[in-house]
Protein chains: 4
Amino acid sequence: MTAPVATPSIQTLTQRHEADWQAYCQHDFVRQLAAGTLPAAAFRHYLKQDYLFLVHFARAWGLAVYKSRNIHELRQGCDSLKAIVDLEMQLHVDYCRQWGISEAELATLPEATQTMAYTRYVLDAGLRGDLLDLHVALAPCLIGYADIAVWLNAQRFTVRGPDNPYEAWLAMYISPEFQAAAQQERLWLNAQMADLPPRRLDELARLFQDATRLEIDFWQMGLDAA
Amino acid sequence: MTAPVATPSIQTLTQRHEADWQAYCQHDFVRQLAAGTLPAAAFRHYLKQDYLFLVHFARAWGLAVYKSRNIHELRQGCDSLKAIVDLEMQLHVDYCRQWGISEAELATLPEATQTMAYTRYVLDAGLRGDLLDLHVALAPCLIGYADIAVWLNAQRFTVRGPDNPYEAWLAMYISPEFQAAAQQERLWLNAQMADLPPRRLDELARLFQDATRLEIDFWQMGLDAA
Amino acid sequence: MTAPVATPSIQTLTQRHEADWQAYCQHDFVRQLAAGTLPAAAFRHYLKQDYLFLVHFARAWGLAVYKSRNIHELRQGCDSLKAIVDLEMQLHVDYCRQWGISEAELATLPEATQTMAYTRYVLDAGLRGDLLDLHVALAPCLIGYADIAVWLNAQRFTVRGPDNPYEAWLAMYISPEFQAAAQQERLWLNAQMADLPPRRLDELARLFQDATRLEIDFWQMGLDAA
Amino acid sequence: MTAPVATPSIQTLTQRHEADWQAYCQHDFVRQLAAGTLPAAAFRHYLKQDYLFLVHFARAWGLAVYKSRNIHELRQGCDSLKAIVDLEMQLHVDYCRQWGISEAELATLPEATQTMAYTRYVLDAGLRGDLLDLHVALAPCLIGYADIAVWLNAQRFTVRGPDNPYEAWLAMYISPEFQAAAQQERLWLNAQMADLPPRRLDELARLFQDATRLEIDFWQMGLDAA
């Protein structure tokens, strides 16, 4: 008796590359952040590069709009783009200011290799492949941050509230709004992946693993800056 | 004594291809529309294909977001995209309904050759070239509709008000909001073009002429449908 | 008892859109060409626009190289590109000269709407989708010309040899080299399509139908020029 | 009296970012390579990643073909692509074999972050901008290797001939064929840049600096592997 083959989903990808996924989701950077022990210099470096990341993330959603095959995909890409440009970027600028990083500084930051590597990898994945390739390359970011927030929130070492200087970060990604956006993305990915043949899943798994490894490098870049 | 060379601008393009520009801006389709004598079948065919045009126009602004080189261009592309997806598309769907064209019909329309030709030409111009190439290929649409509305509004044959079945169309493109958007685009184009060398202007002029001729085909397609 | 579902292949596409496929493959333009009765003006117009088509066709294979996911796809795209740039374009230029069209004339030709429509549609299909989308949008050209040559060669109205002014055209597309290239493309397409889910086949069928209709317009453009 | 402004050229870029350019062209990796003292492990790691680099470099020339605006640019891109796919890749595979790296190993190599960063940066630069942006992002590679070979060849520490295990590498890049290809690229870049306004030069200089820094990272990756 053979085991039934599970319908492919985003979980297929996280399970196939479980070691990388855990190395990313439970990285020392986020553990220390949740415990409130992360050096401020590490966080500041991360915050700055994350701003540059957001700019290219917005470009990626612009690309998603271009690659849309119907009006639903068009609206989906447009909504994600608006969430970044109209909301997240401003939040990020405000948050940076609280950490002593001015908007003028953000505008002239040199881009770290790790930022270039991840962002350009995503954009190239989207242009080389189709809309699903683009979404899968973005998944470690959107789905990953949601998973990380849930996992951190359940750990004993995590400090919530005013005693943790990174409380605002934790609060943002555990917020119902962010979790709902991630869940919507999971459902879309699952619907897209459900009927895919193994060969196609292999391609997506490769993208997912690469992007996950580039996210690990991004966390490590933060730690190394301290 | 040689005449001073004018600073290049959008006017450089309309003047260099004045015959095509006039053939487009003063086409029989818009003359009859302004006079209220355009056959309803011609207008309906135009309305339907214009909906498909809008979808690809939105894709073009998504592409503009992807091609942005700084935060200002990113916001510019995002704002234009929002104007189409959140506003114009809904207006268009509502307007189509008034002309007896349901949203269901719009969703399954076959795309006319003329629609394919213009929209794909613009998208390819944007991907083959840079952000300015994309804007110039879009200019006959955005700048052109504004110019057309102003010109029509000043003609003696034009009928404004409830006696013209196409009053809503005329009112939309002569509206201060649409005219302001077109003016903003003109200013951006002029700023981008001011210091360009002749060789680059020749490339842009070629794109502008091609796009203008494809717009003429689009009007003609409407007339031919009646 | 239900009929077994056939493995998807390029035949799935030609059968699903059989009316369009026949209208293209058995178009009056090629019938008259094979009978030797096609007006020379029609053929000359076709030849000129086909040169412009070839330029964008070469761009499409450059795009295929960019979109390659492995070394095999890279070589496939590169070989097709070389066949066009190093071989077909020169043949085309030589052939045009025999019909009184100089290389200088080819270099400054205005591009017909039908040429723009088909070429830019293919390029956009390739950038919006993945490598398979690009190949499917190109299939009516590569596979279609091979099918057309075989079909024409078997018709009683076809005149082969020096009595037909279009003999060189017929000879080229019925040649073992061209037929082998088309067959190789068929096999690659079939291998790519074999395990695709119905939803994906629907997307490809849409592209295939659009491209076929744009090829019909291209033949008709030739006839209309006479 | 003001100094005359020099016509912009590739030298404008290398001079504007002279510190980065020197850090790249005179990096310890190439110094040790020329002296024959580079650890074999460093060279092997570089060789492997350089193979992956070549694959994406070929994709970049495919993209250049797509982005061509005329038949000359089309042939230029096609020739560069052929040089890589038909010649350099095979040379590289042969060379790797001599260093104990099999083609099978090359086919399954994990891609280093530094390789991803540089290659995807180049591809995105080409898609975001125009053909010149793409060439400028590639310049540190093509022009740089030629400059490096000339500089190394003139240094006292450089060991040529059978006593240097890296003689084949030095011989390849100092060869008249490679130098001629680089010179041809320099002339094309200079012709493209000659009439550009300062604003455009700033954009290109930014790309050039980023790409140069990513090349430095690539050398450093080799050293760090030993």
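Everything below is about the structure shown above.
The following paragraphs examine the structure supplied in this document. (Residues numbered from 1 in each chain as written. Chains lettered and ligands numbered in written order. Predicted model: local features only at pLDDT ≥ 70, side-chain atom pairs only at ≥ 80, totals over all residues. Heavy atoms only, no water.)

Some points on the interface of chain B and chain C
The cut-off we apply is this: Contact definition: two residues touch when any of their heavy atoms are within 4.5 Å. Each of two parts loses accessible area, computed with a 1.4 Å probe, when they are put together; buried area is these two losses added. Think of a salt bridge as a Lys or Arg side-chain nitrogen and an Asp or Glu carboxyl oxygen that are within 4 Å of each other.
Taken together, the 18 residues of chain B in the interface contact 18 residues of chain C. With both chains or domains summed, chain B and chain C bury close to 1,600 Å², and 54% of this area falls on carbon and sulfur atoms. The largest contributions to the chain B side of the interface with chain C come from Met116(B), Arg120(B) and Asp124(B), which together make up 31% of the buried area. There are 4 salt bridges connecting chain B and chain C.

Here we look at the pattern of salt bridges
Operational definition: In this description a helix means any DSSP run of H or I spanning at least four residues, a strand means any run of E spanning at least two, and both kinds are numbered starting from the N terminus. The buried label goes to any residue with under 20% of its type's maximum accessible area, the exposed label to any with over 50%, and the partly exposed label to all in between, with areas taken from a 1.4 Å probe on protein chains only.
Counted under the stated rule, the structure contains 72 salt bridges over all chains. The partner of Arg69(B) in a salt bridge is Glu203(D), with the nearest N and O atoms 3.3 Å apart. On the criterion of chain membership, the pair formed by Arg69(B) in the loop between α4 (40–67) and α5 (71–98) and Glu203(D) in helix α11 (residues 198–224) is interchain, its members lying in two chains. Take Arg69(B): its relative accessible area is 29%, and that puts it in the partly exposed class. Put simply, Asp210(B) and Arg213(B) hold a salt bridge, and the shortest N to O gap is 3.5 Å. With Asp210(B) and Arg213(B) both in helix α11 (residues 198–224) and 3 residues apart, the pair spans about one turn of that helix. In this structure, a network of salt bridges that share partners links the residues Arg69(A), Glu73(A), Asp130(C), Asp133(C), Arg200(C) and Glu203(C).

Remarks on the relation of the copies chain A and chain B
Counted only if it meets this: When the copies are overlaid, the least-squares fit takes in C-alpha atoms only where the residue has pLDDT of at least 70 in both copies.
With an RMSD of 0.0 Å, the fit of chain A onto chain B corresponds to turning through 180° and sliding 0.0 Å along the axis. What we have between these two chains is a two-fold relation. Taking C-alpha positions as the reference, the residue of chain A nearest the rotation axis is Gly62(A), at 2.1 Å.

A look at the environment of Arg186(B)
Tracing the chain through its elements places Arg186(B) in helix α10 (residues 176–193). Taking the C-alpha atoms as reference points, Arg186(B) and Ile10(B), separated by 176 residues in sequence, lie 6.7 Å from one another.

Points about the relation of the copies chain B and chain C
Placing chain B over chain C gives an RMSD of 0.0 Å and needs a rotation angle of 180°, together with 0.0 Å of translation along the axis. Most of the interface of chain B is mirrored in chain C, where 100% of its interface residues again form contacts.

Structural notes on the packing of aromatic side chains
Note the cut-off: Between the rings of Phe, Tyr and Trp (Trp by its six-membered ring), a pair exists once the centres lie within 6.5 Å; its type follows the angle of the planes, with under 30 degrees stacked, over 60 edge-to-face, and the other angles tilted. A positively charged side chain is recorded as over a ring if its NZ (Lys) or CZ (Arg) lies within 6 Å of the ring centre. The angle to the ring normal must also be within 35 degrees.
This structure, assessed with the given rule, holds 92 aromatic pairs over all chains. Residues Tyr145(B) and Trp169(B) carry aromatic rings whose centres are separated by 5.7 Å and whose planes lie at 50° to one another, so their mutual orientation is tilted. Taken together, the residues span a long stretch of sequence, with Tyr145(B) in helix α8 (residues 131–153) and Trp169(B) in helix α9 (residues 167–174) at a distance of 24 residues. When its relative accessible area of 4% is taken as the criterion, Trp169(B) is described as buried. Look at Phe53(D) and Tyr118(D): their rings are 5.2 Å apart centre to centre, the planes differ by 35°, and that puts the pair in the tilted class. Of this pair, Phe53(D) sits in helix α4 (residues 40–67) while Tyr118(D) sits in helix α7 (residues 113–128); the two residues are 65 residues apart in sequence, bridging distant segments of the chain. The same class applies to Phe53(D) and to Tyr118(D), which are both buried. Positioned above the aromatic ring of Tyr66(B), the side-chain terminus of Arg59(A) is 4.6 Å from the ring centre.

Quick look at the interface of chain A and chain B
To keep things clear, this is the line we draw: In the analysis that follows, any N or O atom pair within 3.5 Å is treated as a polar contact, provided that within protein one partner can donate a hydrogen and the other can accept it, and provided that, for residues neighboring in sequence, both atoms belong to side chains.
Tallying the contact residues gives 20 residues for chain A and 20 residues for chain B. Between chain A and chain B lies a buried interface of about 1,900 Å² when both sides are counted; carbon and sulfur atoms form 69% of it. Taken together, the connections running from chain A to chain B amount to 2 salt bridges. The residue Lys82(A) makes a salt bridge to Asp86(B) at a minimum N-O spacing of 2.7 Å. Linking chain A to chain B there are 6 residue pairs in polar contact (both at pLDDT 80 or more). Elements with a minimum of two residues in the side of chain A that touches chain B: α4 (40–67), α5 (71–98) and α7 (113–128) of chain A. For the side of chain A that touches chain B, the element with the most residues is α5(A), which contributes 9 residues.

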